[in-house]
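Commentary on secondary and tertiary structure
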Amino acid sequence: MPAKEHHRIFRSNWLRAAVLGANDGIVSTASLITGVAAAQATHGAILTSGLAGLVAGALSMAAGEYVSVRSQADTEAADLRLEQRSLRRNSGEELAELVDIYVARGLTRELAEQVARQLTSHDALDAHARDELGISLHNRARPVQAALASAASFAAGAAVPLAVAVVSPGPHLIGWVIGASVCCLASLGAMAAKAGGAPIAPAALRVTVLGAAAMAVTAGVGALFGVAV
């Protein structure tokens, strides 16, 4: 028996939310901490700002992800209701539409009609949802899953620069926070690429460079203006 294929597309919903959350958690919290530290704030103020950024960011990510994906889920549900009404009122036209879709994909019209009729008799709405609308069980929007993944990954990512700031008070805090955050960003890019089956080196480099640039700019603004940003 050949080895069973393990496709990664089924991970796309939660993987996207998790990677976005972790990346945002690392970059935003590290940027906040370095910006406050560069403004010559006290160690207590630095930690307070970092903790506030972690909590606020995790809640904001969860709320934003839920609202965004909920909108997608509502659109999918509306299209499915529309398709269900069309199947009840114009079943013949809907069958012909399905046949045309299969013909366009390379089937002969005779075979396309056989396939369309069999799929329609099995589950007409599922057939139209998948082949006409591109909606399947594996890519349906899941707002709660996306919100939880984003919040948890943001908190996990934000915890890294915050923990480094806790254990490294003093003049070297900014360097330690940026260094640890850059290492975490590289690891995050590599893990995300591996989970998604993408090339590891370009993904790790992309995440690292963009995140490091964001932190450097924020630290520079804090040092230049003497304010927390």
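For the structure, check the block above.
Before going into details, it helps to say that this report is about the structure given with it. Everything numeric in this text was worked out from a predicted model, so none of it was measured.

Quick notes on the overall build of the chain
- Each helix and strand in the chain was counted, giving 7 helices and 0 strands.
- Taken from the N to the C terminus, the helices and strands of the chain come in the order α-α-α-α-α-α-α.
- Every one of the 229 residues in the chain was classed for burial, and the buried ones make up 37%.
- When contacts within the chain are restricted to residue pairs at least 6 apart in sequence, long-range pairs at least 24 apart make up 75% of them.
- Here the chain displays about 12,800 Å² of accessible surface, and carbon together with sulfur accounts for 64% of that area.

Some words on a nonpolar patch on the surface
- Residues Tyr66, Val67, Val144 and Leu148 make up a contiguous nonpolar surface patch of about 390 Å² in total accessible area.
- Taken together, the elements giving at least two residues each to the nonpolar patch come down to helix H2 (43–89) and helix H5 (143–167).
- Summarising the element assignment, Tyr66 is placed in helix H2.
- We classify Tyr66 as partly exposed; its relative accessible area is 35%.

Here's the deal with helix H3 (residues 91–104)
- Over its 14 residues, H3 extends 20 Å from the first C-alpha to the last, a length consistent with the 20 Å expected when each residue adds 1.5 Å.
- Among all positions of H3, only Glu94, Leu95, Leu98, Val99, Ile101 and Tyr102 are buried. Down the axis of H3, the sector holding all buried residues measures 160°, keeping them to one side. Among the exposed residues of H3, those pointing more than 90 degrees away from its buried face are Glu93 and Ala104.
- In the core, the buried residues of H3 are packed alongside H2 and helix H4 (109–131).
- Gly106 occupies a position one or two residues after H3 and carries a positive phi of about 120°.

A short note on the layout of surface pockets
- One number sums up the size of the largest pocket: a volume of about 170 Å³.
- Along its surface, the largest pocket is lined by 14 residues, and Val19, Gly189, Ala203, Arg206 and Val207 are the ones closest to its centre.
- Residue assignment for the lining of the largest pocket shows that the elements contributing at least two residues are helix H1 (12–38), helix H6 (173–196) and helix H7 (200–225).

A few points about the environment of Ala214
- Along the chain, Ala214 falls in helix H7.
- According to the relative accessible area criterion, Ala214 is partly exposed, its value standing at 28%.
- Sequence spacing of Ala214 and Val27 is 187 residues, and the spatial spacing of their C-alpha atoms is 7.1 Å.

Thresholds applied
Residues numbered from 1 in each chain as written. Predicted model: local features only at pLDDT ≥ 70, side-chain atom pairs only at ≥ 80, totals over all residues. Heavy atoms only, no water. Helix = DSSP H or I, 4+ residues; strand = E, 2+ residues; numbered from the N terminus. Buried < 20%, exposed > 50% of the residue type's maximum accessible area, 1.4 Å probe, protein only. Contact = heavy atoms within 4.5 Å. Areas by Shrake-Rupley, 256 points an atom, 1.4 Å probe, with all protein chains shown as cover. Patch = residues over 30% accessible without salt bridge, like charges linked within 9 Å, V, L, I, M, F, W, Y side chains within 5 Å. Salt bridge = Lys/Arg side-chain N within 4 Å of Asp/Glu carboxyl O. Expected span 1.5 Å × (residues − 1). Arc of directions from axis to C-beta. 1 Å grid on protein atoms, 1.4 Å probe; cavity = no way out; pocket = protein on both sides within 12 Å on 5 of 7 lines; lining within 4 Å. Points joined across faces, edges and corners; volume = space filled by probe spheres on them.

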